[in-house]
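# A look at the structure
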Amino acid sequence: MSKEISIPIENLRIGHYVVGMDKNWLETPFMTHRFFIHRKDEIDALRASGVKFLTVDLSRSRLLHPEKKEQHPAQKEQADQQKSSDESNAPDWNSSERLEEVTIPEFEAASLLADTHVRLVHQYKKLFQSLKNGKDTPSASDVTFYKNALNEVARLGRSYPDALLFMAHLQSTDDETYIHSVNTMFLAIYMAITKNVPQEEVGIWGMCGLFHDMGKCSIPAMILHKKEPLTLGEWDIIKSHPSVGEEILKTWNGLPPIVAKVAGEHHVRKNGKGYPDQRLFITTDTITRAVMILDTFDALTADRSYRAGMPPPKALKLIAQMAQDSLDTQLVAQVIKAMGIYPIGSVLELGSGEVGVVIRHHIDQDNRNQQNFSLLMMKDENGAHLRKPVARKITWSPGAPPPVARTHNHSAWGIDWTQLREHLHLWTDARELPDPLSDPG
Ligand SMILES: [Fe+2]
Ligand SMILES: [Fe+2]
């Protein structure tokens, strides 16, 4: 049971689990709005952000050296609260102490990834707009922020890779440019983890995904968000964004050079019909080729102000066709294998007329061709919204009649991703669902 108390920042200690503060979390350096305090410098960062009071959950806190206090942590905290001005009650941490990694349950990882998605969109939007307004390039500490953020996403994603795919569907047409970049980043980290790239490179894959469209800050909003077809002159402006992005990113201290290179080459195509046209596909890196595919996947599936997004299974089919002459064939095959026939986030209508969202894949090690996935059921066979969504496991062996009658665009079907986030616990619980084929009923 949670035991939340409010404490002044002077009483915050390593091991406290923070669940609230007297300042907008987005204005602090923290990725999520609930977090453990691992080191003293995190307390300093909170203080520097202007935080004065915090809410901590004592039942989840893991205070270092609790045995030094002769009181139970809960009693100690309450005493601290009453005597916050008393120097003798000040935290006795020292700078070398550090809370070691805490194992994160899947539900928690998914929830923290959702927070991190929101945080990164907020931060990227600020960066994009300041560059648009001609402000300075980011400082080394800004670059460090992104590195830490991406390592955090990689850490959480490793414990629950499906969550990365789910979060990559979070969207809003208001912030489409920023959300597209963060979604591409989540997809890039998912692919890096799936491909088993060395741990230290996973964050670089994410960074390449996040900043691939940085050059769009130079494009006037009226062109970037134009609903009508673009003129040839406007297309020329759009086509400048890879080179502009590459030049911007080259000036950022501390950024791995591959990030600028990927931005410069992400619209190059195998058949030479991409841009900038002086670049050759054969000279592009694996990360660039992966970002090309994931960028296309997000662009096809996301809603835009002028059209609804394509269902993910259809987008993957189209990408498979594009692989012939535009994309890296081998990487496209890897992306399709990693995402499955019905990627996480696909809205599927079953033969019964019921509609659900794919929330989990189950890999059958003995029969990898078998498609096992869980749906979060959202509508009944009459098309009525379920008041209380439930998870259901679907098992299908290719060759048998497909269980899915059709795939849907999520916005046309009225699926609200914010609402789905509220049901993350069902999503993680789906791991335990019985196999319907083993149930004679
Ligand atoms: Fe682009
Ligand atoms: Fe893009």
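Numbering of residues starts from 1 in each chain and follows the order in which that chain's sequence is written. The naming scheme follows written order: chains are lettered A onward, ligands numbered 1 onward. Since the coordinates come from a predicted model, pLDDT governs what is reported: local features require at least 70, and pairs of side-chain atoms require 80 or more to be given and counted, while whole-chain, interface and lining totals use all residues. The basis for the side-chain values is all heavy atoms of the structure; hydrogens and waters are excluded.

Labelled according to an unreviewed UniProt entry, the protein chain appears under the name Putative mutative metal dependent phosphohydrolase, originating from Leptospirillum ferrooxidans.

## Section: the packing of helix α6 (residues 176-194) against helix α7 (residues 199-211)
To characterise two packed helices, one gives the angle between the axes of the helices and the distance between these axes. For helices, the axis comes from a line fit to the C-alpha atoms of the stretch in contact; other axes are also lines fit to C-alpha atoms, and the angle between any two N-to-C directions lies between 0 and 180 degrees. A run of H or I in DSSP becomes a helix once it reaches four residues, and a run of E becomes a strand once it reaches two; helices and strands are each numbered from the N terminus. Interhelical geometry of α6 versus α7 gives an angle of 150° and a closest axis separation of 7 Å. Comparing the axis directions of α6 and α7 gives the class roughly antiparallel. As for how α6 packs across α7, the hand of that crossing is right-handed. Across from Ser181, Val182, Thr184, Met185, Ala188, Ile189, Met191, Ala192 and Ile193 in α6, the residues of α7 making contact are Val202, Trp205, Gly206, Gly209 and Leu210. Ten residue types, Ala, Val, Leu, Ile, Met, Phe, Trp, Tyr, Cys and Pro, are classed as nonpolar, four, Asp, Glu, Lys and Arg, as charged, and the remainder, Gly among them, as polar. By residue class, the composition of the contact of α6 with α7 is 10 nonpolar, four polar and no charged. If an angle is under 35 degrees, it is roughly parallel; if it is over 145, roughly antiparallel; if it lies from 65 to 115, roughly perpendicular; otherwise it is oblique. Crossing handedness is read from the near helix: turned anticlockwise from the far helix by less than a right angle, it gives a left-handed crossing, and turned clockwise, a right-handed one. Here, residues are in contact when the closest pair of their heavy atoms is within 4.5 Å.

## Digging into the coordination of the iron ion (ligand 1)
All of the protein donors around the iron ion (ligand 1) are Asp213 (OD), His241 (NE2), His266 (NE2) and His267 (NE2); their distances to the metal are 2.1 to 2.2 Å. Sequence spacing of the donors to the iron ion (ligand 1): D-x27-H-x24-H-H. Here a donor is any nitrogen, oxygen or sulfur atom (N, O, S) within 2.8 Å of the metal, with 3.2 Å used for Na, K and Ca; water is not among the atoms considered, so some sites may look incomplete. The metal-metal distance between the iron ion (ligand 1) and the iron ion (ligand 2) is 3.6 Å, with Asp213 coordinating both. Taken together, the residues span a long stretch of sequence, with Asp213 in the loop between α7 and α8 (221-224) and His267 in the loop between α11 (257-265) and α12 (286-301) at a distance of 54 residues.

## Brief notes about the pattern of salt bridges
Whenever a carboxyl oxygen of Asp or Glu lies within 4 Å of a side-chain nitrogen of Lys or Arg, that contact is scored as a salt bridge. All chains considered together, the criterion is met by 16 salt bridges. Put simply, Glu246 and Arg279 hold a salt bridge, and the shortest N to O gap is 2.5 Å. Pair noted here: Glu246 is in helix α10 (residues 241-250) and Arg279 is in the loop between α11 and α12, with a separation of 33 residues, a long-range link. Each residue's exposure class comes from its accessible area (1.4 Å probe, protein chains only) as a fraction of the maximum for that residue type: buried when under 20%, exposed when over 50%, partly exposed otherwise. A relative accessible area of 9% places Glu246 in the buried class. One connected set of salt bridges, linked through shared partners, spans Glu246, Lys261, Glu265, Arg279 and Asp285.

## Points about the pairing of strand β4 (residues 53-57)
As paired elements, strand β1 (residues 4-8) and β4 share five bridges and run antiparallel to each other. Counterpart to Ile7 in the pairing with β4 is Leu54. By the convention used here, strands pair only if DSSP detects at least 2 bridges between them. As judged from the three bridges shared by strand β2 (residues 17-21) and β4, these two strands associate in the antiparallel manner. Its bridge partner lying in β4, Gly20 is registered against Thr55.

## Considering helix α4 (residues 140-159)
Taking 1.5 Å of rise per residue, 20 residues should cover 28 Å, and α4 covers 29 Å from first to last C-alpha, within 8% of that figure. For α4, the complete set of buried residues consists of Val143, Phe145, Tyr146, Ala149, Leu150, Glu152, Val153, Ala154, Leu156 and Gly157. Next to the buried residues of α4 lie α3 (106-132), α5 (161-167), α6 and α7. Working rule for helices: expected span equals 1.5 Å times residues minus one.

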